[in-house]
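# Residue-level structural notes
Chain residues, written in single-letter form:
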Amino acid sequence: MAEFSPGLEGVVAAETAVSEVDGANGRLIYRGGYLIEDLVPVATFEEVAYLLWHGELPTEKELDALRRQMAGARKLNTPARGTLMALDTATDPMDILRTVVSAQGASRALTKPTLDEAIALTAGFPTIVGAAYRRRQGKDLVEPRDDLGHAANLLWMMEGKEPDPERAHWVDTYLVLLADHGLNASTFAARVVASTGSDLTSCVVGAIAALKGPAHGGATFAARSMLDKIGSADNAEKWLTEAHARHERFSGFGHRVYRTYDPRAKILREMAKTAAPDLYRTAARTEEVALRILHEAHPERPNATNVDFWASVVLTGAGIPKELFTTLFATSRVSGWTAHVLESLADLRIIRPASRWMGPQPGKKPMQLAKR
Amino acid sequence: MSSAYVPGLEGIIASQTAISMVDGANGRLVYQGYVIADLAERMSFEEVAFLLWKGRLPTKAELEGLSLELAGHRTLTQAANIALDALPTDTDPMDVLRSVVSVQGVEHRLAKPAIPLAIHATASFPTILAMFHRRQLGLEPIPPRRDLGHAANYLYMLNGKESSPEIVQALNTYLVLLADHGMNASTFAARVIASTESDLISALVGAIGALKGPAHGGAPAAVIEQLELIGTADKAEQWMRDARKRKVKFMGFGHRIYRVYDPRAKILKEMCRRMNPKFYALATRVEEVALQILHEEHPERPQSTNVEFYSAGVLQAIGLPREFFTPTFAVSRVAGWSAHVLEQAANNRIIRPQSEYIGPEPRKPVPLAERG
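Read on for an overview of the structure.

The rules we used
- Residues numbered from 1 in each chain as written.
- Chains lettered and ligands numbered in written order.
- Predicted model: local features only at pLDDT ≥ 70, side-chain atom pairs only at ≥ 80, totals over all residues.
- Heavy atoms only, no water.
- Buried < 20%, exposed > 50% of the residue type's maximum accessible area, 1.4 Å probe, protein only.
- Helix = DSSP H or I, 4+ residues; strand = E, 2+ residues; numbered from the N terminus.
- Pairing = 2+ DSSP bridges.
- Phe/Tyr/Trp six-rings, centres within 6.5 Å; stacked < 30°, edge-to-face > 60°.
- Lys NZ or Arg CZ within 6 Å of the ring centre and 35° of its normal.
- Salt bridge = Lys/Arg side-chain N within 4 Å of Asp/Glu carboxyl O.
- Axes fitted to C-alpha atoms, helices over the stretch in contact; angles between N-to-C directions.
- Left-handed = near helix turned anticlockwise from the far one by under 90°.
- Contact = heavy atoms within 4.5 Å.
- Nonpolar A, V, L, I, M, F, W, Y, C, P; charged D, E, K, R; others polar.

Residues and elements named next belong to chain B. Judged by which residues are buried, strand β2 (residues 20-23) turns out to be covered on both faces: Ser20 and Val22 on one side and Met21 and Asp23 on the other are all buried. Alignment of β2 against strand β3 (residues 28-31), held across four bridges, turns out to be antiparallel. Of the residues in β3, the one forming a bridge with Asp23 is Arg28. Where β2 folds back on β3, the antiparallel hairpin that results is connected by four residues, among which Gly27 adopts a positive phi of roughly 65°.

Let us now look at the pairing of strand β1 (residues 13-17) of chain B. Of all five residues in β1 of chain B, four are buried, a share of seventy percent or more. By the bridge criterion, four bridges tie strand β5 (residues 354-357) of chain A to β1 of chain B in an arrangement that is parallel. Its bridge partner lying in β1 of chain B, Ser355 of chain A is registered against Ser15 of chain B.

A separate point is the packing of aromatic side chains. Counting across every chain of the model gives seven aromatic pairs over all chains. Here Phe309 of chain A and Trp310 of chain A contribute two aromatic rings whose centre-to-centre distance is 5.1 Å and whose plane-to-plane angle is 90°, an arrangement assigned as edge-to-face. Take Trp310 of chain A: its relative accessible area is 0%, and that puts it in the buried class. For the ring pair Phe253 of chain B and Phe309 of chain B, a centre distance of 4.8 Å and an interplane angle of 50° mean the geometry is tilted. Placement of the pair is Phe253 of chain B in the loop between α12 (236-245) and α13 (263-275) and Phe309 of chain B in helix α15 (residues 307-318), with a sequence separation of 56 residues. By relative accessible area, Phe253 of chain B is classed as buried at 8%. Judged by its relative accessible area of 1%, Phe309 of chain B falls in the buried class. One aromatic cluster is present, built from ring pairs that chain together Phe253, Tyr280, Phe309 and Trp310 of chain A. Over the aromatic face of Trp156 of chain A sits the side chain of Arg145 of chain A, whose NZ or CZ is 4.8 Å from the ring centroid.

Here we come to the pattern of salt bridges. For the structure on display, the rule yields 54 salt bridges over all chains. Residues Asp22 of chain A and Arg27 of chain A are paired through a salt bridge, measuring 3.0 Å at the closest nitrogen-oxygen approach. A salt bridge links Arg28 of chain B to Asp23 of chain B, with the shortest nitrogen-to-oxygen separation between them at 3.1 Å. Using a relative accessible area of 28% as the deciding quantity, one classes Arg28 of chain B as partly exposed. On the basis of relative accessible area, Asp23 of chain B is assigned to the buried category, the value being 12%. Several salt bridges converge on common partners, so that one network encompasses Glu237, Arg285, Glu288, Arg292 and Glu296 of chain A.

Quick look at the packing of α13 of chain B against α15 of chain B now. Each packed pair of helices is defined by two parameters, the angle between the axes and the distance between the axes. Residues and elements named next belong to chain B. Close contact between α13 and α15 brings their axes to 8 Å; oriented N to C, the two are set at 35°. The two elements α13 and α15 meet at a crossing, and its hand is left-handed. Seen from α13, the contacting residues are Arg264, Ala265, Leu268, Lys269, Met271, Cys272 and Met275; seen from α15, they are Val307, Tyr310, Ser311, Gly313, Val314 and Ala317. Taken together, the residues of the contact of α13 with α15 sort by class into nine nonpolar, two polar and two charged.

And the structure:
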């Protein structure tokens, strides 16, 4: 039997063509062989989703068809709507997403995951996120708009007014950047569920459940919360020094894979300058001080600003409240989750690892209840 | 360092655990040191759940405490009741369970997994299923009974009347036998989700999604369907040899771990002999033929009747409708899932394996207008 590697670190658990994280060189490669920084200037979220699902970028005609299919699948069905309205308006938006996606996909019989289902699932996320937000605000829900792109429709569903193109562009770029990232925990959860022959909704619900964790998708919220506490660029040195002395973790720093600057963080950092100039100044100073303190404490570790740190600034600039950050992450990553599940169907084999027994020697005899 | 890709993570140690051990070579299943045969027909499900959660069998006072706690949490939240009613009556009960457990858990948000939460979740599964079943039949829901044990109350809520002690005992034994089984796919899914520091309900919802797959928990109903197609014992050999030519899979055979007869299947087989003689007569003949044919095809493979084969006969004798077979598996396994989540949370590291990229080498994307 093999050695135990906690967290399966370094263990290859799947072969994939959906994406590759080349940590040593700081590269994120999406399906088809495209580097993330090359895609951002030329492709919208819909094009990237198409790429992850099909392996190639769409032609204008193909993109048009995808956009129409997505626009036609934005509404919630009756069970999903009934379930949404059953939930308290203050419910954690990730719990709302997990639950309503589950209800939307509840069906009579088990079916094999299909591309059409992947498209419909992806199309429905902004509707649920927008509804969760409006209910929190005590506002009536709005109907999806089929003339808007994915990112713009998301903002429309939250705010009930057409967003300016620049904000929609920031959200769209965020969605492109976060769409896939190798075998992260939520994607792996989706592949484990898929490996039993289960349906696509079950896979996506499991992935949402994993993304909810603060050590995974919850990190963007934590980064923004830390920036809120720091408050201003002037306060960064003092706050971080004290936090470090209290052994507090700096949110938005540290990852397992990249040895150089995360290529997504680099793009978001640049966008943050125009998207949120004030918060950018606080964040840039925070980054400088945090990296210095971390380097002094652990000179052997690589530079570690992660995508969550700068995503929190850009999303703030785009007008997304921090309570919704993790659901925005899910809105993007659902394209990658579904691409991984569809890919895994080609050679489905149940993921059933081994465990190492740490309990008592087998064979002790249970004592009768009365004698215990 | 990354190791070579092992499909399905077969033989790769993904966790250290003291909850259960599957000793495939010797055909032993061990819960916290106790061999399953020593627990199966002597312990209540409640005692075994306590064992899995706490690592030891309860005293009489502790068992009474747990029973009270379970009985006190059998009613659903108002939101869960509304969500249950929002689902169509022909929905797959596994999808009902996935959705309503998701609702039932929202009030706990990101609470750290703890035993009281495990107890509450475990208490809710029979209620969700029984209430849905009553709705399917157009009958009024039956309120839970605090004076009944876990198995007896489940049957009472399904049927509106108390079952005979023999039937209650049979269901109890089934629940004990299925409560945990090493690092199976649904348990592993739960641990992957918990490893992101997500909450217990999220982990359970993901596990339900994984259990739904036909390669995992979704098979016992298919066993009955296949036996019905075969019809009678004297037709078994001809039907099965013909079926094999059409590449039909024999339901209830094959597993990755046991080299000898699955100890749970042995107990369930004996229960079928006593309780379901009609099923037993046909099933034992089908088993004999299946093993013969499988041996002819793959003489190197071990004997392979799995737990689902005779589970089907026991659950049928208990009077459960077949679409409730897999959900009843979940009623049992939730004890193990939650024990594993507690163990994972107590000594956590995010489960984030690697993937091997099999896509094209990096290249430049073509802008939309130039594609086609």
